[in-house]
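# Summary of the model geometry
This is what each chain is made of:
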Amino acid sequence: MIHELAYGDSEAAMKMLYNHFYSKLMLFVSYFIKSKHDAEEIVSDTFYTIWEQRLKLANLECIASSYIYTIAKNTTLLFLKRQRKEKYDMETDVAASDFPAQPDNSPEDELIGKELMEKLHAAIENLPEKSRMAFKLVREQGLKYKEAAEIMEISVKTLEAHMALATKRLLKTLDEN
Amino acid sequence: MPENILEIISRYLAGEASLDDIMQLSDWLNRDEINRLRLKQLKRFWEAPVRMKEPDVPFEKFFERIDSPHRMAPKAKKRHISSSVWMISTAAAVALLLMIISVSVFFNREEHPLIEYYSYNCISGVEQVVLPDSSIVYLNRGGKITYANNYKEVRSVTLEGEAYFDVMKASGLFTVRLGSGASIEVLGTRFNVQALGGDRRIVTTLEEGSVRFVKGEQQIMLVPDQQLIYDVNKADYSIRQVDADMYTAWKEYIYRYNGIIMQDLCKELERMYRVEIILNPGLKNVKVSGSFEYRHDLDQILNVMKKRMRFEWKREGNKIVIQ
């Protein structure tokens with residue numbers, strides 16, 4: 001696949017990569033960025049980087065999803081850094097109401113009603129930043145502990161602590177209702 | 001509430017739980033009915049679908065932008081960012097030590113879930129790989145192990161070269177697939193597999209538990225300290241009693257060979273040191289025994305062998321010629 005990207009039918013390979021990762025990366029970037037427009041630009045830049053580096057990527061023999069997330073993260077961090085420098089007006093961010101993309105709830109459920117589901121989501125949103133990130137990387141992005149820890153540049157042990165905190169808050173929310 | 005139950009529940013939800021976790025979790029579940037309800041609720045929350053929309057910017061539009069010579073009026077700034085991103089990412093990837101993955105089997109992702117294959121290549125020394133069910137694999141130098149992202153449903157790995165397996169007991173078989181169509185099936189156990197000489201000969205040594213070797217119609221069960229040597233070309237096998245430790249010592253960075261023919265040893269050295277060895281045909285079937293350590297380089301090993309076996313060798317680029 002990466003070989004194809006570098007030497008073979010690059011466009012077709014890139015298209016597959018793009019369609020597979022676009023939504024995942026949009027969601028991922030939304031953990032850091034509130035404006036949908038900015039997120040689109042960052043995701044686009046991420047694919048641009050992958051495209052530009054495709055020949056170098058081939059030398060790596062292979063590529064990991066965590067690698068793609070790492071590119072996305074670095075692009076995001078650079079964006080935020082630049083934004084801080086330019087004293088970006090934060091107000092425009094708040095305006096985007098359809099973003100970040102909220103996970104779908106399943107309202108018809110005997111175990112958890114719609115209301116409780118929303119409370120659980122709120123409990124996750126109210127977690128400290130790192131714990132929230134850890135939880136979302138594992139649950140929403142479906143990453144393994146090791147991959148998520150790598151992206152966050154923390155140890156798996158620390159990631160476990162973040163996950164435990166998330167679970168604790170969820171249990172507390174369930175107990176209160 | 002046990003201290004670490006929160007971590008265990010988290011691992012369970014994330015599909016990272018070990019057998020030990022499952023046992024502790026079931027203790028906790030049996031303690032109180034409310035615990036059972038809570039876990040069900042958590043699981044329901046965890047599994048609620050995450051909405052993923054189709055890309056808002058279709059690929060064609062994106063590609064037009066990057067592939068046209070006037071794309072985004074190529075800003076010098078952008079190029080700079082890209083290259084520094086590359087530096088950071090490379091570092092992250094290299095830090096992995098093991099080379100990872102590959103993406104394949106794409107097609108229509110609506111109908112076919114994406115299958116990702118994770119490959120670990122051991123380039124030097126001995127590498128430890130922890131599988132999603134916490135089973136541990138030690139890969140010997142030159143070894144390669146591959147598993148798919150559906151591993152949790154089908155515990156199956158593909159092996160090239162040599163590996164030592166410490167397999168967790170869990171429901172369902174654990175299968176090692178070998179290049180030659182042979183496979184090894186186990187429940188939970190410790191064993192060593194060598195696919196020697198480019199998969200010509202498969203040597204399976206059992207340390208603990210039991211394993212079943214399967215090739216076509218043939219099925220062979222092993223008990224601890226037994227070794228099965230399967231000759232792929234002749235479809236012939238032999239079983240012998242061994243000291244299993246001797247065959248697993250390499251994971252402590254010691255390589256031992258006992259009565260292996262020179263041709264097979266050279267295949268091993270080729271794999272481990274990434275060279276091509278041209279062997280004098282007269283030496284092919286000479287049996288050799290001995291051991292060396294990981295820190296030894298190939299020159300040292302060949303020089304020791306040269307004295308004993310009276311051969312001459314020379315290096316020509318990436319080739320080693322043994323006369």
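Higher on the page you've got the structure.
Computed from a prediction, not measured in an experiment: that's the story for all the values here. Sequence order as written defines the numbering, with residues in each chain counted from 1. Starting at A for chains and at 1 for ligands, labels are handed out in the order in which the entities are written. Whole-chain, interface and lining totals are the exception, using all residues; otherwise, since this is a predicted model, local features are given only for residues with pLDDT of at least 70 and side-chain atom pairs are given and counted only at 80 or more. In computing side-chain properties, one takes all heavy atoms of the structure into account and sets aside hydrogens as well as water.

### Concerning helix H8 (residues 262-273) of chain B
Residue and element names in this part refer to chain B. Note the threshold: Runs of H or I in DSSP of at least four residues are treated as helices and runs of E of at least two as strands, each being numbered from the N terminus. By this rule the span expected of a helix is its residue count minus one, scaled by 1.5 Å. The cut-offs for exposure are 20% and 50% of the maximum accessible area for each residue type, with area from a 1.4 Å probe on protein chains only; residues under the lower value are buried, those over the upper are exposed, and the others partly exposed.
With 12 residues, H8 should reach 16 Å at 1.5 Å per residue; the first-to-last C-alpha distance of 16 Å fits that figure. Counting buried positions along H8 gives nine out of 12 residues, so the element sits mostly inside the fold. Listed in full, the buried residues belonging to H8 are Met262, Asp264, Leu265, Cys266, Glu268, Leu269, Glu270, Met272 and Tyr273. Remark: Arg274 follows H8 within two positions and exhibits a positive phi of approximately 55°.

### Quick word on the nonpolar core
In summary, soluble globular proteins display a tendency toward joint burial of nonpolar side chains. Note the cut-off: Among the buried residues, those of types Ala, Val, Leu, Ile, Met, Phe, Trp, Tyr and Cys that are joined through side-chain atoms within 4.5 Å form a nonpolar core. In what follows, a contact means two residues having at least one pair of non-hydrogen atoms within 4.5 Å.
Residues Leu25, Phe28, Phe47, Leu137 and Leu159 of chain A together with Ile9 of chain B are the most contacted members of the largest nonpolar core, which totals 68 residues. Take this core: its biggest share by element is 10 residues, from helix H2 (residues 10-30) of chain A. With near-sequence residues (within four places) excluded, Phe47 of chain A lies in contact with Met14, Leu17, Tyr18, Phe21, Tyr22 and Leu25 of chain A together with Phe62 of chain B. Core analysis: the second largest hydrophobic core is formed by 33 residues, Leu131, Leu139, Leu159 and Ala195 of chain B among them.

### Some details on the packing of aromatic side chains
Test applied: For Phe, Tyr and Trp, where Trp contributes only its six-membered ring, two rings pair if their centres lie within 6.5 Å, and the inter-plane angle classes them as stacked under 30 degrees, edge-to-face over 60, or tilted in between.
Taken as a whole and assessed by the stated rule, the structure comprises 14 aromatic pairs over all chains. On the numbers, 4.8 Å between centres and 50° between planes, the contact of Tyr18 of chain A with Phe47 of chain A is tilted. Here the residue Tyr18 of chain A occupies a position in helix H2, and Phe47 of chain A occupies one in helix H3 (residues 36-52), the gap between them amounting to 29 residues. The class for Phe47 of chain A is buried, based on a relative accessible area of 0%. With a centroid separation of 5.3 Å and 80° between ring planes, the pair formed by Phe135 of chain A and Trp46 of chain B is classed as edge-to-face.

### Focus: helix H7 (residues 114-125) of chain A
Condition: Within this analysis, the arc is defined by the directions that extend from the helix axis to the C-beta atoms.
A rise of 1.5 Å per residue sets the reference length of H7 of chain A, with its 12 residues, at 16 Å; its end C-alpha atoms lie 16 Å apart and thus fit the reference within 8%. Along H7 of chain A, the positions that sit buried rather than exposed are Leu116, Met117, Leu120, His121, Ala123 and Ile124 of chain A. The buried residues of H7 of chain A all sit within an arc of 155° when viewed along its axis, so they share a single face. Of the surrounding secondary structure, the elements contacted by the buried residues of H7 of chain A are helix H8 (129-139) and helix H10 (156-176) of chain A together with helix H3 (33-47) of chain B.

### What about the sheet that holds strand S20 (residues 319-322) of chain B?
All names here are of chain B. Rules: Each pair of strands is called paired provided DSSP finds at least two bridges between the two strands. Inter-axis angles, ranging from 0 to 180 degrees, are taken between N-to-C directions of lines fitted to C-alpha atoms, where helices are fitted over the stretch in contact.
Pairing is mixed across the open sheet formed by three strands, whose spatial order is S17-S20-S19. One side of each edge strand has no neighbouring strand; the edge strands of this open sheet are strand S17 (276-279) and strand S19 (313-316). Direction aside, neighbouring strands of the sheet carry axes that sit 20° apart on average. Of the pairings in the sheet, the one linking S19 to S20 comprises four bridges and is antiparallel in character. The residue bridging Glu316 from the neighbouring strand is Lys319, located in S20. On the sheet, H8 packs against S17 and S20 and is oriented at approximately 160° with respect to S17. Against the sheet, helix H9 (residues 298-309) touches S19 and S20, its axis set at about 155° to S19.

### A short note on the packing of H8 of chain B against H9 of chain B
All names here are of chain B. Spelled out, the test is: Angles below 35 degrees are treated as roughly parallel, those above 145 as roughly antiparallel, those between 65 and 115 as roughly perpendicular, and all remaining angles as oblique. Handedness of a crossing is defined here by the sense of rotation of the near helix relative to the far one, left-handed for an anticlockwise turn of less than a right angle and right-handed for a clockwise turn. Ten residues, namely Ala, Val, Leu, Ile, Met, Phe, Trp, Tyr, Cys and Pro, are considered nonpolar, four, namely Asp, Glu, Lys and Arg, are considered charged, and the remaining ones, Gly among them, are considered polar.
Packing of H8 against H9 leaves a shortest axis separation of 12 Å and a crossing angle of 165°. Between H8 and H9, the angle is such that the two are roughly antiparallel. Between H8 and H9 the crossing geometry is left-handed. Residues Met262, Leu265, Leu269 and Tyr273 of H8 lie in contact with H9, whose contacting residues are Leu298, Ile301, Met305 and Met309. Here the residues of the contact of H8 with H9 sort into eight nonpolar, no polar and no charged.

Any link to function would need more than the numbers given here.
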